[in-house]
Amino acid sequence: MAGTRLSSMAWRNLWRNRRRTLVTLSSIAFGVMLAVLMTGLGDRSWTDVIDLAARMGTGHVTIQHPGYLDTPSLKRTIADASALEEIALATGEVTRAVGRISGQTMLAAADKSYGAAFIAVDPAAEDAGTLSVVDAFREGRMFASSRESGIILGSKLAENLGVRMGRKVVYTMTDKQGEIVSGLARVSGIIHTGAPSLDAGLCLLPIDTVREALGYREDEATEVALFVRDHRRSEALATRLDGLVGDGADALTWRETQPELAGFISMKIGGTIVFEIVIAILVAAGIFNTMFMSVMERLREFGVLMAIGFGPRRLFGLVMWESLWMALVGIAVSAVVTAGPYWVLHARGLDFSAMVGKGGSEVAGVVIDPILHVAIFPENVVVIGLAVILATLLSGLYPAWRAGRVVPVEAIKLV
Amino acid sequence: MSTQNGSIVVLENVVKLYRQGSVEVHALRGLDLHVRKGEFTAISGPSGSGKTTMLNLVGALDRPTSGRVVVDGHDLSRMGRSALSRLRRDRIGFVFQAYNLVPVLTALENAEIVLALQGISASRRRERVLALLAEVGLEGMENRRPDQLSGGQQQRVAIARAIAADPAVVLADEPTANVDSETADRLLDLMERLNADKGVTFIFSTHDPKVMGRARRVVRLVDGRVAGDESRGP
């Protein structure tokens, strides 16, 4: 009997107990819907968080001095940031590349001083697409030039220092020779991100002014921040760039430059996967129950089929075909059932602002939007589909084996 | 296929011992029987006489404890599971008391299932089975499923399925037990005709005096042995 014929018989067998099959299909659809929505929620949320984290200073990939990651210091610089930007852009994978100087500084106002992280930027090269705080001005504006003497403070930092717009702030840092250097700046902007660590501990400075203060050469920087369309390409890009930038620099992914965030995301994704595995096991148990009952109810029929010439393999194949049909119909039903909730959560999102506040919550210095949207990566849809097929086929294995082990003389009473 | 002394079925000193818990049950106690090609034989006897066991052994569904069973020249005791499966498919037809058609298949598909297992092309299967279904009086009912057929019609499909592959022998389990008297007569007419016209060898087990009356040979089993063997003229 040809495979197509066996598949046709299996298809009809699937609908012999219509109610039971529909219940099983419902459980598959429910499981797939949960898996798709949870995975989609994670895919979209973590993409937003990673992209935002990249725009808060490091980029998806960072080119920096090989020793900077372990011991961040203004002594560890890269000499020719523009050349590295061009190398990165030439790969075709990088959408934006900006050179920066970042480090620690001591800020002093009239009677108070606070430590803070600074990022020295070229205002002509930066916008909200490379530096998210550009969108967070409460007062003032971005620097007009990279050589002006302004400073942009986080809102809480300004409050702590007791300064307002236009007031003087002295910044102090250590230059390449280990000498303490200072600069005077007037507050030209105050930003409020909603992330306490940024609002209380970040300031921006014009890059050429800082270069001059630190004694850097014209194109010297501590890092080049690179941005890609899809953060999942970061690893491949960093690996590729490592071979292009030479020994004087390393290309690092956001996972390496922001290990806390990477660890948090990995932990959350791991939790989601465990939850999805539990769902898969529960759904598979339901499928197994259906397939097993279906086989046990048909032992006599299998005995008759054996008697007229079906072999054990063919009976095994028949039940496995039934499992496969169950999986394929289950996927089709799942697609229909999941489409509506997915569309709503994709377009409108799930609003958690009542729980976490309208400003969202901060994770490793990154503010997560309180309205979570769903957008699943296409490859994860394929993975879920394959998982349904695999789980259904695995659930059918024992019932199929049992069908193939039927002893005809016991299954049928000939006389 | 060569046969032993022209016999299509040979049982020689066949013993079948069942174990039910700690109790041994002798279903067959040295049964000897030869059935020739083209016979129309009824196996009768009281419950527990060994009819079921004998047909199971001849149908290659079970193995004897000792003794020899030969069907169409094949010594079943020397054959593996796959070979027995092929023998059942190619050389033995079964007609069951409860019809045992596959409920999701149509009459046509049920009747052609053995041919499909043999790898016969769809067009040849269809041609042969349509002719067979017409012969058993089911013309126009080819696309009906078992639940759309009466008991007698289902048994006709079962007979068509049993003879579709030109088996050496058809084993029929109380073929008229589940149908009314009139239908039973028509089924017996059909099987008699197939036996006479096509030379199909039939072995029935039966309690039904009407079936025994139509058989040309009646073998009576008692306590696992042949207690009587009566042949009648054609």
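Residues numbered from 1 in each chain as written. Chains lettered and ligands numbered in written order. Predicted model: local features only at pLDDT ≥ 70, side-chain atom pairs only at ≥ 80, totals over all residues. Heavy atoms only, no water.

**Quick word on the overall build of chain A**
Alright, step 1. A count of helices and strands for chain A gives 14 helices and 14 strands.
Alright, step 2. At 31 Å, chain A has a C-alpha radius of gyration far larger than the 22 Å of a compact globule built from 415 residues.
Alright, step 3. Along the three orthogonal principal directions, the C-alpha set of chain A runs to about 105 × 50 × 30 Å.
Alright, step 4. For chain A, the residues scored as buried account for 51% of the 415 residues in total.
Alright, step 5. A sequence separation of at least 24 residues applies to 77% of the contacts in chain A between residues at least 6 apart.
Alright, step 6. For chain A, the exposed surface amounts to about 18700 Å²; the carbon and sulfur share of it is 60%. (Helix = DSSP H or I, 4+ residues; strand = E, 2+ residues; numbered from the N terminus. Rg over C-alpha atoms; globule rule 2.2 N^0.38 Å. Buried < 20%, exposed > 50% of the residue type's maximum accessible area, 1.4 Å probe, protein only. Contact = heavy atoms within 4.5 Å. Areas by Shrake-Rupley, 256 points an atom, 1.4 Å probe, with all protein chains shown as cover.)

**Brief notes about the domain arrangement of chain A**
All names here are of chain A.
Alright, step 1. Along its sequence, chain A is organised into domain 1 (2-52 + 262-412) and domain 2 (66-248).
Alright, step 2. Placing a centre on the C-alpha atoms of domain 1 and another on those of domain 2 gives a separation of 48 Å.
Alright, step 3. Facing the 9 residues of domain 1 at the interface are 9 residues of domain 2.
Alright, step 4. Together domain 1 and domain 2 conceal approximately 710 Å² of surface at their shared face, both sides included; 53% is due to carbon and sulfur atoms.
Alright, step 5. Inspection of the region where domain 1 meets domain 2 yields 1 salt bridge.
Alright, step 6. The partner of E379 in a salt bridge is R232, and the shortest N-O contact between them spans 1.8 Å.
Alright, step 7. Remark: the boundary between domain 1 and domain 2 carries 2 residue pairs in polar contact (both at pLDDT 80 or more).
Alright, step 8. Looking at the side of domain 1 that touches domain 2 element by element, the count peaks at 4 residues for helix 2 (residues 18-58). (Domains from an automatic or database assignment. Buried area = accessible area lost by both parts, 1.4 Å probe. Salt bridge = Lys/Arg side-chain N within 4 Å of Asp/Glu carboxyl O. Polar contact = N/O pair within 3.5 Å; in protein donor to acceptor, adjacent residues only side chain to side chain.)

**Focus on unusual backbone geometry**
Residues and elements named next belong to chain B.
Alright, step 1. Despite not being glycine, E174 has its phi angle at roughly 35°, a positive value.
Alright, step 2. Its identity as a non-glycine residue notwithstanding, D223 has a phi of 50°, on the positive side.
Alright, step 3. For D223, the position within the fold is in the loop between strand 9 (217-222) and strand 10 (225-231).

**A word on the sheet that holds strand 8 (residues 202-205) of chain B**
Residues and elements named next belong to chain B.
Alright, step 1. Strand order in this open sheet of 6 strands is 6-7-8-3-9-10, and the pairing throughout is mixed. Each edge of the sheet is formed by a strand with only one pairing partner; in this case those strands are strand 6 (92-95) and strand 10. Pairs of neighbouring strands in the sheet enclose a mean axial angle of 20°, with direction left out of account.
Alright, step 2. Sheet analysis places strand 3 (residues 40-44) next to strand 8, joined by 4 bridges and oriented parallel. Bridging across to strand 8, A42 finds its partner in F204. (Pairing = 2+ DSSP bridges. Axes fitted to C-alpha atoms, helices over the stretch in contact; angles between N-to-C directions.)

**What about helix 6 (residues 207-214) of chain A?**
All names here are of chain A.
Alright, step 1. Burial runs high along helix 6: 6 of the 8 residues are buried.
Alright, step 2. Among all positions in helix 6, only I207, D208, T209, V210, R211 and L214 are buried.
Alright, step 3. The inward-facing, buried residues of helix 6 abut strand 2 (94-108), strand 3 (113-121), strand 6 (168-174), strand 7 (180-191) and strand 8 (202-206).
Alright, step 4. Looking one or two residues past helix 6, G215 carries a phi angle of roughly 80°, positive in sign.

**Structural notes on the side chain of T24(A)**
Residue and element names in this part refer to chain A.
Alright, step 1. The residue T24 is located in helix 2 in this model.
Alright, step 2. Judged by relative accessible area, T24 falls into the buried class, the value being 3%.
Alright, step 3. Looking at T24, its side chain comes within polar contact range of the main-chain oxygen of R20, at 2.8 Å.
Alright, step 4. Setting aside its immediate chain neighbours within four residues, T24 contacts G286, I287, T290 and M326.

**Some points on helix 3 (residues 81-90) of chain A**
Residue and element names in this part refer to chain A.
Alright, step 1. Inspection of helix 3 places A81, L84, E85 and A88 among the buried residues, and these make up the whole buried set. In a view along the axis of helix 3, the buried residues occupy a sector of 105°, so they form one face of it. Seen from the buried face of helix 3, the exposed residues on the opposite side, beyond 90 degrees, are E86 and A90.
Alright, step 2. Lining the buried residues of helix 3 we find strand 1 (61-64), strand 2, strand 9 (223-228) and helix 7 (234-242).
Alright, step 3. Remark: G92 follows helix 3 within two positions and exhibits a positive phi of approximately 85°. (Arc of directions from axis to C-beta.)

**What to know about a nonpolar patch on the surface**
Residue and element names in this part refer to chain A.
Alright, step 1. A contiguous nonpolar surface patch, about 350 Å² in accessible area, is contributed by I269, I273, I277 and I281.
Alright, step 2. Mapped onto the elements of the fold, I281 is located in helix 9 (residues 259-297).
Alright, step 3. Taking relative accessible area as the criterion, I281 reaches 55% and is therefore assigned exposed. (Patch = residues over 30% accessible without salt bridge, like charges linked within 9 Å, V, L, I, M, F, W, Y side chains within 5 Å.)

**Some words on the interface of chain B and chain A**
Alright, step 1. Facing 30 residues of chain B, the contacting portion of chain A comprises 27 residues.
Alright, step 2. Carbon and sulfur atoms make up 61% of the surface buried where chain B meets chain A, a total of about 2600 Å² over both sides.
Alright, step 3. Ranking the residues of chain B by area buried against chain A places L61(B), V104(B) and L117(B) at the top, with a combined share of 22%.
Alright, step 4. Viewed at the interface, chain A and chain B are joined by 7 residue pairs in polar contact (both at pLDDT 80 or more).
Alright, step 5. Every element with two or more residues in the side of chain B that touches chain A is listed here: helix 1 (51-58), helix 2 (81-91) and helix 3 (107-117) of chain B.
Alright, step 6. Residue contributions to the side of chain B that touches chain A peak at 6 residues, all from helix 3 of chain B.

**Digging into the packing of aromatic side chains**
Alright, step 1. One pass over the full model with this rule turns up 12 aromatic pairs over all chains.
Alright, step 2. With 5.8 Å between their ring centres and 10° between their planes, F202(B) and F204(B) make a pair best called stacked. Here F202(B) and F204(B) have matching classes, each one buried.
Alright, step 3. The ring of F377(A) has R232(A) sitting right over it, with the charged end atom 3.4 Å from the ring centre. (Phe/Tyr/Trp six-rings, centres within 6.5 Å; stacked < 30°, edge-to-face > 60°. Lys NZ or Arg CZ within 6 Å of the ring centre and 35° of its normal.)

**Considerations on the packing of helix 10 (residues 299-307) of chain A against helix 11 (residues 312-347) of chain A**
Residues and elements named next belong to chain A.
Alright, step 1. At their nearest, the axes of helix 10 and helix 11 sit 10 Å apart, and the two run at 140° to each other. Here helix 10 lies oblique to helix 11, going by the angle between them. Helix 10 and helix 11 meet at a crossing whose hand is right-handed. The segment helix 10 lies against helix 11, with F302, L305 and M306 engaging P312, L315, L318 and V319. (Parallel < 35°, antiparallel > 145°, perpendicular 65-115°, else oblique. Left-handed = near helix turned anticlockwise from the far one by under 90°.)

**Focus: the pairing of strand 7 of chain A**
Residues and elements named next belong to chain A.
Alright, step 1. Two elements, strand 4 (residues 137-140) and strand 7, share 3 bridges in a ladder whose sense is antiparallel. Paired with F137 across the bridge in strand 7 is I191.
Alright, step 2. One ladder, built from 5 bridges, connects strand 5 (residues 150-154) with strand 7; its direction is parallel. Directly across from L153, in strand 7, lies its bridge partner I190.
Alright, step 3. Where strand 6 and strand 7 come together, 7 bridges link them in antiparallel fashion. By the bridge assignment for strand 7, V170 is matched with L184.
Alright, step 4. Here strand 6 hands over to strand 7 after 5 residues, with G178 in that stretch at a positive phi of 85°.

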